[in-house]
Amino acid sequence: MDTALLAVLVAALAVIVNAFISLILHFRRASFEENLAEKKFGYDMQLAERKLILDQQATSLKRAQELASDLLADFYQIQRMMPAIRSAMSFGDQGKSRPRQEGEEDSIAQLRDGYYVIIERLDKNRELIARVLSKQFSAMALFGVGASEPFEKLNSLISKLTTAVHMLIMTAKELPSTRSQEWQATIWAGYGEDTLQPELDAIVASMDAICRPILSAKQPVP
């Protein structure tokens, strides 16, 4: 075989080897880029999912904080207004909206009107009380079922107050008794041993204990 033919064969072989090597490198590069793209896609998906979770957590925390702020302000407002509702002092025609009973003596009517003042004052604040109590299930959904307790106790306290008023009106003609003294202590601030205001203070404190950590919570960090 002459030198010229050998040179051609060597050159052809070199071309074939280079082409084969290039083909292998091409497939390896394509595989590497495909793996890289898959990893990038997976990372982007994880990032998007984490962002979605953080956005949901931030939205949930914002809602919880807004509700906690509103509830705490309302509970404190009820706590502050209760001494005025239970004040023994009345002015003008307070209590006169009470439905009269047939044949009612003036002295008994005046006594019953004095008790009924509490009902009138509660009615003036009925919108606030109803607004607070209507948020019970929202609080349970955002804060947990234990958040229902302050609402239940507040509702019970209001019922206890109105029941005491109605019992005093019903028994106004009777002689004072231990029960009537207990009812008097319930409706009037500063009468005897006042148990209603400390009970309300404890209710507000329990709501504060629920809301305060929520209000001080930080937004989740991305």
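The structure this text deals with has already been given above.
Residues numbered from 1 in each chain as written. Predicted model: local features only at pLDDT ≥ 70, side-chain atom pairs only at ≥ 80, totals over all residues. Heavy atoms only, no water.

**Student:** Quick question: what am I supposed to make of the side chain of Arg112 here?
**Tutor:** With respect to the helices, strands and loops of the structure, Arg112 is situated in helix H2 (residues 106–124). A distance of 2.9 Å separates the side chain of Arg112 from the backbone oxygen of Ile169, its partner in a polar contact. Once residues lying within four places of it in the same chain are set aside, the contact partners of Arg112 are Arg98, Gln101, Glu104, Ile169, Met170, Ala172 and Lys173. (Helix = DSSP H or I, 4+ residues; strand = E, 2+ residues; numbered from the N terminus. Polar contact = N/O pair within 3.5 Å; in protein donor to acceptor, adjacent residues only side chain to side chain. Contact = heavy atoms within 4.5 Å.)

**Student:** I keep staring at the packing of helix H5 (residues 148–170) against helix H7 (residues 196–216) and nothing clicks. Help me out?
**Tutor:** For any two helices packed against each other, the geometry comes down to the angle between their axes and how far apart the axes lie. Following both chains from N to C, one finds H5 and H7 inclined at 160°, their axes separated by 9 Å at the closest point. When the axes of H5 and H7 are compared, the pair comes out roughly antiparallel. For the pair H5 and H7, the crossing hand works out as left-handed. Of H7, the residues touching H5 (which contributes Pro150, Phe151, Lys153, Leu154, Leu157, Lys160 and Leu161) are Leu196, Glu199, Leu200, Ile203, Ser206, Met207 and Ile210. (Axes fitted to C-alpha atoms, helices over the stretch in contact; angles between N-to-C directions. Parallel < 35°, antiparallel > 145°, perpendicular 65-115°, else oblique. Left-handed = near helix turned anticlockwise from the far one by under 90°.)

**Student:** Help me understand the environment of Gln184 in this model?
**Tutor:** For Gln184, the location among the structural elements is in helix H6 (residues 178–187). Given the relative accessible area of 14%, Gln184 is considered buried. Through-space distance from the C-alpha of Gln184 to that of Asp194 is 9.5 Å; in sequence the pair is ten residues apart. When residues no more than four places from it in sequence are discounted, the contact partners of Gln184 are Tyr115, Leu168 and Tyr191. Here Tyr115 takes part through its side chain, which lies 3.0 Å from a polar atom of the side chain of Gln184. Within the local environment of Gln184, its side chain forms a polar contact with the side chain of Trp188, the two groups lying 2.8 Å apart. (Buried < 20%, exposed > 50% of the residue type's maximum accessible area, 1.4 Å probe, protein only.)

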